[in-house]
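Close look at the chain arrangement
For reference, the chains in residue letters:
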Amino acid sequence: MATTAPVHPVDEVPPVRQLAAFGLQHVLAMYAGAVAVPLIVGSAMKLSPADLAYLITADLLVCGIATLIQCIGFWRFGVRLPIMQGCTFAAVSPMVLIGTTGGGLPAIYGSVIVAGLAIVLLAPVFGRLLRFFPPLVTGTVILIIGISLLPVAGNWAAGGVGAADFGEPKNLALAAFVLAVVLGVQRFAPVFLSRIAVLIGIAVGLAVAVPFGFTDFGGVGDSDWVGISTPFHFGAPTFEASAIISMLVVALVTMTETTGDLIAVGEMTDRKVDSRSLSDGLRADGLSTVLGGVFNTFPYTAYAQNVGLVGMTRVRSRWVVATSGAILVLLGLLPKLGAVVAAIPAPVLGGAGLVMFGTVAASGLKTLAQVDFKGNNNLTVVAVSVAMGVLPVGVPTIYAKFPDWFQTVMNSGISAGCLTAIVLNLLFNHLPAKAGSADSAGPVAEADDLPGGGVEEGVEKSREEVV
């Protein structure tokens, strides 16, 4: 009797009922972040409410298409892992600058298209750099991703940045209630329900929020039933050198962030990301960014908050996140549905976000547990990288006096920490050590075959393999 090969959890297709529930959970986890970028950029450019609404629906539509490309994939586009795509916050400051200094939206979209094409071309180069992302670097980056996201959850829990009642005890009480529901469901409910603990927590939190006046569904009635984003709605793109240069810097930042996210999901799903799949994932980012420039939206990247959701729920199927992409496409085509989701109060999202983002940080610690910290400088690599990653999170204005390109790179705690980890790993574990140093002699050098006596497993072959 012929036996079928077992299907990897990433490729499993859950029943339709579970697909819908798990997929909606991912949408709710990223929705606030997804609509924030067009809201910030559009508001800074003083666009009309109708144009703002158009930006949001266009963003949701392309978010969905980008997620489908990344999860399902075609040819050499898409990592084929449970990765949710959304607008990158790294591009917000440059886009506001481009849009408000005379270039307007056409200049933004011209630079976005060029940046997307650059990402597609550079993807194979980044793919070959995977050997510089051993567990020492990936664990550190995943830890920084989680820590960097926690302030987002904190702002949601307090009522959302700019809210008139920001920090009111009622907001924090609602967030704490949602957190308690999520934890209770995860601990005591049956397996299926525990996997949608975040969705249940948000639903229960919304049910409690309505009678206490936390929600306003006024925008639902004002929204259209159907809305279709057409290419170059705001005019043909223009290509200005300064705008393109700043967006190319953003492209390098987003590629670094996406690399960390893809490796993190690979760790969580037990499907390691190799050079080829990393290139495919980055290539999908580039294609999605080009689509963003054509369909009136912005650069796209992997969303770290959904990485945390994968780790927390242990639902590893890429088809679940592909379902999320389909839901986002519907929200982009049906503005009224999008308005319903937008009415979920920030404290409800904050309570769920604390669990999800904390899970990302914990996953980083789990990866770092594989690293040997004895008789080497690996602890220094982690310490300094985490410090550099947390610095712009704790002190957002620390680089305010630096040039714009520098701020674009370093104001993202994820990219700052990732670059630091890569450089320090090269310095301590790849470059030849100085004579007489602890790394160049003694039992550590005997046990490890890295240039310079580094002990990071997986970067080079062991002595036994070489023999």
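Details of the structure are given in the entry above.
A brief structural summary. Computed from a predicted structure; not experimentally measured. (Residues numbered from 1 in each chain as written. Predicted model: local features only at pLDDT ≥ 70, side-chain atom pairs only at ≥ 80, totals over all residues. Heavy atoms only, no water.)

1. Looking at helix 6 (residues 169-188)
This is how it is decided: Counting from the N terminus, the helices are DSSP H or I runs at least four residues long and the strands are E runs at least two residues long. The length a helix should cover is 1.5 Å for every residue beyond the first. Any two residues whose heavy atoms approach within 4.5 Å at even a single point are treated as in contact.
Over its 20 residues, helix 6 extends 28 Å from the first C-alpha to the last, a length consistent with the 28 Å expected when each residue adds 1.5 Å. Buried residues along helix 6 sit in contact with helix 5 (135-157), helix 7 (191-195), helix 8 (197-209), helix 12 (304-313) and helix 15 (346-368).

2. Things to note about the packing of aromatic side chains
Counted only if it meets this: Aromatic pairing here means that ring centres of Phe, Tyr or Trp (its six-membered ring) are within 6.5 Å. Orientation follows from the plane angle: under 30 degrees is stacked, over 60 is edge-to-face, and everything else is tilted. Each residue gets one of three labels from its accessible area relative to the maximum for its type: buried under 20%, exposed over 50%, partly exposed in between, using a 1.4 Å probe on protein chains only.
Overall, the coordinates contain five aromatic pairs when judged by the stated rule. Aromatic side chains Phe74 and Phe77 sit 5.2 Å apart centroid to centroid with 20 degrees between the ring planes, which places their arrangement in the stacked category. A residue is classified by how much of its surface remains accessible, and Phe74, at 42% relative accessible area, is partly exposed. For Phe77, a relative accessible area of 12% corresponds to the buried category. Centroid distance Tyr399 to Phe402: 5.7 Å. Interplanar angle 85 degrees. Geometry classified as edge-to-face. By relative accessible area, Phe402 is classed as partly exposed at 40%. Aromatic ring contacts, followed pair by pair, group Phe74, Trp75 and Phe77 into a single cluster.

3. Observations concerning the packing of helix 6 against helix 15
Spelled out, the test is: Note on geometry: axes are lines fitted to C-alpha atoms, helical ones only across the stretch in contact, with angles between N-to-C directions running from 0 to 180 degrees. Reported orientations rely on four angle classes, namely roughly parallel under 35 degrees, roughly antiparallel over 145, roughly perpendicular from 65 to 115, and oblique for the rest. When the near helix sits turned anticlockwise from the far one by under a right angle, the crossing is termed left-handed; a clockwise turn instead gives a right-handed crossing. Note that Gly is not counted as nonpolar here; it falls among the polar residues with everything else outside the nonpolar set of Ala, Val, Leu, Ile, Met, Phe, Trp, Tyr, Cys and Pro and the charged set of Asp, Glu, Lys and Arg.
Contact geometry of helix 6 with helix 15 gives a least axis separation of 7 Å together with a crossing angle of 45 degrees. Comparing their axes, helix 15 and helix 6 come out oblique. Note on packing geometry: the crossing formed by helix 6 with helix 15 is right-handed. Residue-level contacts link Asn171, Leu174, Ala175, Val178, Leu179 and Val182 of helix 6 to Pro347, Val348, Gly351, Ala352, Leu354 and Val355 of helix 15. Taken together, the residues of the contact of helix 6 with helix 15 sort by class into 10 nonpolar, two polar and no charged.

4. Regarding the nonpolar core
How we decide: For this analysis, a nonpolar core means a set of buried residues of the types Ala, Val, Leu, Ile, Met, Phe, Trp, Tyr and Cys, connected via side-chain atoms within 4.5 Å.
Within the largest apolar cluster, 109 residues are counted, with the highest numbers of intra-cluster contacts made by Met95, Ile108, Val198, Ile202, Met247, Phe298 and Leu328. Setting aside chain neighbours within four positions, we find Val198 in contact with Gln25, Val182, Leu309, Met312, Ala352 and Met356.

5. Focus on unusual backbone geometry
If you check the backbone angles, Arg80 has positive phi at about 60 degrees while not being a glycine. Owing to a relative accessible area of 24%, Arg80 belongs among the partly exposed residues under this scheme. A positive phi angle is found at Asn296, which is not glycine, with a value near 70 degrees. Residue placement: Asn296 occurs in the loop between helix 11 (275-294) and strand 2 (300-302).

6. Concerning the pattern of salt bridges
The test is simple: Basic side-chain nitrogens of Lys or Arg form a salt bridge, by our definition, when they fall within 4 Å of a carboxyl oxygen of Asp or Glu.
This model, assessed by the stated rule, comprises six salt bridges. Asp11 is the salt-bridge partner of Arg271, the closest N and O atoms lying 2.6 Å from each other. One end of the pair, Arg271, is in the loop between helix 10 (241-269) and helix 11; the other, Asp11, is in the segment before helix 1 (16-44), and 260 residues separate them in sequence. On the basis of relative accessibility, which here comes to 26%, the residue Arg271 falls in the partly exposed class. Here Asp11 makes a salt bridge to Arg318, at a shortest N to O gap of 2.9 Å. In this pair, Asp11 is assigned in the segment before helix 1 and Arg318 in helix 13 (residues 318-333), connecting sequence segments 307 residues apart. Through salt bridges with shared partners, a single ionic network connects Asp11, Arg271 and Arg318.

7. Regarding the side chain of Thr289
Among the secondary structure elements, Thr289 is positioned in helix 11. Thr289 sits in the buried class, given a relative accessible area of 1%. Setting aside residues no more than four positions away along its own chain, Thr289 makes contact with Val112, Gly116, Ile119, Pro299 and Tyr300.

8. Thoughts on the packing of helix 4 (residues 104-127) against helix 11
For the pair helix 4 and helix 11, the least separation of the axes is 7 Å and the interaxial angle reads 175 degrees. As judged from the angle between their axes, helix 4 and helix 11 are roughly antiparallel. Tallied by class, the residues present in the contact of helix 4 with helix 11 amount to 14 nonpolar, eight polar and two charged.

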